[in-house]
Amino acid sequence: MKKKYALFPGCLMPTEQYGYEISLREALPVLGVELVDVEGFSCCGEPMKSVNQLMTLYLSARNLAIAEKHHLDLFVPCAMCHMALSECIYVLESNPAMKERMNGMLAAEGLTYTGKQHLVHTVDLLYDHIGLETIKQHVKHPLKGLKLAAHYGCHLIRPSEIGRPVNSENPQKIEEILKALGADPVTEYPQKLDCCGAPLLANLPESALTKTGQKLQAIQEQGIQGLVDVCPWCHKMFDSRQTKAGETVAAKLHVPVFYLTQLLGLALGVKKEKLGLELNLSPVDTISFEEAV
Amino acid sequence: MRRIGVFVCHCGINIAQTVDVEAVTEYAKNLDGVVIAKNYKYMCSDVGATLIKDMIKEHKLDAVVIASCSPRMHEHTFRRVASDGGVNPYRVEIANIREQCSWAHTDKKQATEKAKYLVRSAVSKARLNEPLKTSSIKVIPEALVIGAGIAGIQASLDLANDGFKVHLVERDPSIGGHMAQLDKTFPTLDCSSCILTPKMMEVANHENIELLTYSEIVSVDGSIGNYTVKIRKKPRYVDVEKCTGCGDCATACRLKDRITSEFNQGMGKRGAAYMPFPQAVPLKYCLDASKCLFLTRGKCGDEPLCKKACAQGAIDFDQKEEIIERKVGSIIVATGYDLLDPAKMYEYGYTTSPDVITTLELERLISSSGPTKGEILRPSNQQKPKSVTFVLCAGSRDETQCTWCCRIGCMSALKHVYLLREKLGDDVEINLCYQDIRSYGKGYEEFYRNVRGLSTNMFRGKPSEIRTMKDHLKLDIFDTTVNKLFEIKTDLVVLVPALVPRADAQEFARLLRLTLSGDGFFLEAHPKLRPMDTFVNGIFIAGCCQGPKDIQDTVSQASGAASRAATILSKEEMEIDPLIAAVDEDICTGCGICIEVCPYEARSLNEKTKVAEVNEALCAGCGGCIAACPSNASIHKNFTKKQLLNQVDEILE
């Protein structure tokens, strides 16, 4: 059965983290997912939160309402956008007065929010909606025995009460997906839930890079072959800034960092050059994958 | 026409500040059948009681309505007052204008109106209340005690020494409960088994105690003074008459040292033929039917080795479970507690490292009869730890797990610090992460002060996560007394988990018709004044099944419950409430539906008259038969259909 979603790109993925977008646009259709580009999406609202919470809520509600207008569920690959939109749904569903107020504001554009549309992130799309069995059936080039570590990122695991795609203390869905792809992920490592550093980047760049560096260093020391993430912010830290992070903690870092969708594409038989791997700044080419046909 | 008196209580200001009691009194005067209405500050006081009695005499009243607190509180009081004044106690009606009116509302005008309606409704019922007579039943002077931990043991011994026959039922193969697992007790550091074992022996040898171990309650029927209990005796597959407790079967068992020992909290192993611990009572072996090769597969090598080893021929694979019946006058429930499973809190690393253990597991390590013979060794490598860290309130006082305090965690951890210092010496680092130290009992604070002197690192805070590193554990803790983040590297983490109700508490409560409080423990009839009573007459609760408590409090409560039970058992006869079912013989068709629905076996068919009857000793007044009767022949005395519909009509008017 074909699954159709409106793709909510957010800001970071289409302006900087192209690898994520390229790979998911290539890999997901193989699993029967149709991604629709809808016009009019704006910022998710989250960056405004410390300045104007009402605006944050309005921007989130507006995006949800646009998806609703097109009768499409939303696919939100950015964990931060996903959290902002989830929080908006949580607030509007538990506060009828605010829902009414938002709808009053949305009326100017002829939009309404009723809360009919579902929200998915890459992880629950693959794990809960497509399912491990379907993924397994489509695997052409298993990631044989690749020892990988998963990084979930804070926005994906917290806060639980607004509804997150994974368990907050012991998330295992990425590992399960990686196993379905034939890899051999470490299900538990002490630093698994450690922060990527990104939230500190604007104000305390040094501390931010220390967090990034410490986590990568620990992964490297444990002999893990690569790190897998699902959030453009985390990837920006672990991949794009890996060299800098290494300098901050005085370590030579060489941890290959992948988007889950890049590995998914490889396993599903998507050609390597179509997955944006050349855009990863970490040494992903040190791992040799079975060449896609 | 009845002559009804209405008495409105102020309850100090509890009622009077929200309800205009004068207005309610004036209103009541004009109701049909009311000849006098009065109000007073405390109707339940001596002066109030005298007022009621005087009015009964002066106005020749034959029914009384009290507008006051819930009937649960003072119905009994006012029935006695009316009876003393010469009115049948079952012609007293309570209008609850406190819990259901003044306490629930803030608007005085509306609350007053509501109070008027409540009084009016009660008066309408009082007009039709019949005078009833109490009847009496014979009390069976025997007691059932469920659970043979320290609470059950204490209650049984008290009752048995009072001269009553006690049936003590224990689910496990041995009595002793959690206390048998402990090494030392706080704050006096008494050896737990040294003070418990004599009591266990006394239970085993007492002529008035019938000990039923490895047995479970199947059903409880009847009511106060006359309960019928069915008990399932699980097969031990060992003839207890022949077994001498020599242990040859356990030594011979093919599964020896291959099954996790429940008694040792998973810290040690046992076989399928086993005795939970060396001081077990009864000192008899038992075969684990879920593990024993012969019992699960029908084959154990060429022949079962235990059978071959037993010189007494006590092993009996043909034993079947047995259901026995006992009749008792009163029941004491002492089923104890479970520890919260730390696996539920993934962040504490209980599932990721063998070196994260619970207090009860540490008890078994410290105990000289435990798996390590009292040596403190890390489960991962059997080496002495150089650093031990206690994490208190693991799941306690935590909105995501258990909101309540476990009441024993602080003291048990302090006790362990003391014992570890003694066993491991001064060069071992001991850290203790706490929220608050609650050393509230007699001698506890002094004990705490002593332990603080034992160079213990106290951190006021809760670690967010316990990380399993290569050869050690790591935790970050923010100490709120110094506002600093500490990073602790440690070898052994001891979690002090929350105390939770038994996993099957809910199921068990249904069996006995007990109520649970919000936290899942058994609910007492009144938190302050009836802490051992339940809402089921004749059933009492003791120990941790009612809520977490230490051994001292448990023993006190158990003795209290025994004395409450003795109050019943010492009576030859017991008055029973006449507010029960009755039959209108002219209407009853003898269809028998009431007999089917009655859970107390109180209904039967008179074969001669073909009319259903009520056994007044068994009827609990639940009303099941009244609702089920298709011809309205079953009635509830003083709660007739007419009375209840009248009440509703009066309120809706």
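Residues numbered from 1 in each chain as written. Chains lettered and ligands numbered in written order. Predicted model: local features only at pLDDT ≥ 70, side-chain atom pairs only at ≥ 80, totals over all residues.

Details of the overall build of chain B
Going by this rule: A run of H or I in DSSP becomes a helix once it reaches four residues, and a run of E becomes a strand once it reaches two; helices and strands are each numbered from the N terminus. Exposure criterion: with C-beta atoms placed from backbone coordinates, a residue whose C-beta has 20 or more other C-beta atoms within 10 Å is buried, one with 12 or fewer is exposed, and one in between is partly exposed. By the convention adopted here, residues make contact when the C-beta atoms placed from their backbones lie within 7 Å.
Scanning chain B from terminus to terminus reveals 18 helices and 34 strands. The C-alpha extent of chain B, read off along each of the three principal axes, is 90 × 70 × 40 Å. Counting all 653 residues of chain B, 46% fall into the buried class. Taking all contacts inside chain B whose residues are at least 6 apart in sequence as the whole, residues at least 24 apart take part in 71%.

Here we look at the interface of chain A and chain B
Inclusion rule: Each residue receives one of three labels: charged for Asp, Glu, Lys and Arg, nonpolar for Ala, Val, Leu, Ile, Met, Phe, Trp, Tyr, Cys and Pro, and polar for the others, Gly being one of them.
Across the contact, four residues belong to chain A and seven residues belong to chain B. Along the lines of polarity and charge, the residues of the side of chain A that touches chain B split into one nonpolar, one polar and two charged.

Some words on the nonpolar core
To keep it simple, the criterion reads: Under the definition applied here, buried Ala, Val, Leu, Ile, Met, Phe, Trp, Tyr and Cys residues are grouped into a nonpolar core through C-beta atoms within 7 Å.
Of all hydrophobic cores here, the largest spans 138 residues; its most connected members are Ala143(B), Ala155(B), Ile332(B), Val333(B), Ala334(B), Ala542(B) and Ala561(B). Discounting chain neighbours no more than four positions away, the residues touching Val333(B) are Ile146(B), Gly147(B), Leu512(B), Phe522(B), Ile539(B), Ile541(B) and Cys545(B). One finds Ala65(A), Leu92(A), Ala198(A) and Val270(A) within the second-largest nonpolar core, a separate group that totals 85 residues.

A few points about the domain arrangement of chain A
All names here are of chain A. Applicable threshold: These domain boundaries are the output of an automatic or database domain assignment.
Domain annotation for chain A reports domain 1 (3–120) and domain 2 (140–286). The straight-line distance from the C-alpha centre of domain 1 to that of domain 2 is 24 Å. Of the residues lining the interface, 21 residues belong to domain 1; the matching set on domain 2 comes to 23 residues. Contributing elements (two or more residues each) for the side of domain 1 that touches domain 2: helix H1 (12–15), helix H2 (18–30) and helix H4 (79–94). For the side of domain 1 that touches domain 2, a count of residues per class yields 13 nonpolar, five polar and three charged.

As for the packing of helix H1 (residues 21–29) of chain B against helix H5 (residues 108–128) of chain B
All names here are of chain B. As a reminder, the rule being used: Note on geometry: axes are C-alpha line fits, over the in-contact stretch for helices, and angles between N-to-C directions span 0 to 180 degrees. Throughout, a crossing is termed right-handed when the near helix is turned clockwise from the far one, and left-handed when it is turned anticlockwise from it by less than a right angle.
Contact geometry of H1 with H5 gives a least axis separation of 9 Å together with a crossing angle of 35 degrees. For the pair H1 and H5, the crossing hand works out as right-handed. Contacts between H1 and H5 pair Ala23, Val24, Tyr27 and Ala28 from the former with Thr112, Ala115, Lys116 and Val119 from the latter. Across the contact of H1 with H5, the residue classes tally to six nonpolar, one polar and one charged.

Thoughts on the sheet that holds strand E2 (residues 33–36) of chain A
All names here are of chain A. Note the threshold: Any two strands with at least two DSSP-identified bridges between them are counted as paired.
The four strands lie next to each other as E2-E1-E3-E4, forming an open sheet whose pairing is parallel. For this open sheet the edge positions go to E2 and strand E4 (119–120), each flanked by a neighbour on one side alone. As paired elements, strand E3 (residues 73–75) and E4 share two bridges and run parallel to each other. By the bridge assignment, Phe75 is partnered in E4 with Val120.

Quick word on helix H9 (residues 173–180) of chain A
A turn of α-helix holds 3.6 residues, and therefore any two residues three or four places apart point the same way. All names here are of chain A. Counting buried positions along H9 yields six of eight residues, so the element is predominantly enclosed. Listing the buried residues of H9 in full gives Lys173, Ile174, Glu175, Ile177, Leu178 and Ala180. Taken together, the buried residues of H9 touch helix H6 (122–130), helix H7 (132–138), strand E5 (148–151), strand E6 (226–229) and helix H13 (260–268). The first or second residue beyond H9 is Gly182, which carries a positive phi of 95 degrees.

Re the domain arrangement of chain B
When its domains are assigned, chain B resolves into domain 1 (4–128), domain 2 (142–234 + 323–336 + 502–569), domain 3 (248–309), domain 4 (339–500) and domain 5 (577–637). In this structure, domain 4 of chain B and domain 5 of chain B have C-alpha centres spaced 59 Å apart.

Focus: the environment of Pro342(B)
Residues and elements named next belong to chain B. On the secondary structure map, Pro342 appears in the loop between strand E19 (337–339) and strand E20 (356–358). Sequence spacing of Pro342 and Gly409 is 67 residues, and the spatial spacing of their C-alpha atoms is 14 Å. If near-sequence neighbours (up to four positions away) are discounted, Pro342 is found in contact with Tyr348, Tyr350, Thr358, Ala394, Leu495 and Pro497.

Section: the pairing of strand E33 (residues 611–614) of chain B
Residues and elements named next belong to chain B. Relative to E33, strand E32 (residues 603–606) is paired through four bridges, and the arrangement is antiparallel. Residue pairing across strands places Arg603 opposite Val614, the latter belonging to E33. In textbook terms, the turn of a hairpin is the stretch between consecutive antiparallel strands, and for E32 and E33 this stretch comprises four residues, one of which, Lys610, has a positive phi near 60 degrees.

Quick look at unusual backbone geometry
What you tend to see is this: most non-glycine residues have negative phi, and most peptide bonds are trans. In this model, Arg158(A) is joined to Pro159(A) through a cis peptide bond whose omega is -10 degrees. Backbone torsion omega between Phe186(B) and Pro187(B) reads -5 degrees, so that peptide bond is classified as cis. Within the secondary structure, Pro187(B) sits in the loop between strand E8 (184–185) and strand E9 (190–191). In this structure, Arg513(B) takes a positive phi of about 60 degrees despite not being glycine. Of note, Lys610(B) is a non-glycine position whose phi angle comes to about 60 degrees, a positive value. Considering the arrangement of structural elements, one finds Lys610(B) in the loop between E32 and E33. What makes Lys610(B) exposed here is the crowd of 12 C-beta atoms within 10 Å.

Let's talk about the environment of Thr261(A)
All names here are of chain A. Here Thr261 is to be found in helix H13. Judged by local crowding, Thr261 falls into the buried class, with 27 C-beta atoms found within 10 Å. Residues Thr261 and Ser23, spaced 238 residues apart in sequence, show a C-alpha to C-alpha distance of 5.6 Å. Those residues in contact with Thr261 that sit more than four places away from it in its chain are Tyr20, Ser23, Leu24, Ala27 and Thr122.

Some points on the sheet that holds strand E29 (residues 539–541) of chain B
Residues and elements named next belong to chain B. If you walk across this open sheet you meet the five strands as E10-E7-E6-E18-E29, and the pairing is parallel. Two strands lie at the open edges of the sheet, namely strand E10 (209–212) and E29, each paired on one side alone. Strand-to-strand twist of the sheet, defined as the mean angle between neighbouring strand axes without regard to direction, takes the value 20 degrees. For strand E6 (residues 142–146) and strand E7 (residues 165–169), the ladder comprises five bridges, and the chain directions are parallel. Among the inter-strand pairings, Leu144 is bridged to a residue of E7, identified as His167. The sheet strands contacting helix H15 (residues 551–569) are E6, strand E18 (330–333) and E29, and the helix crosses E18 at an angle near 170 degrees.

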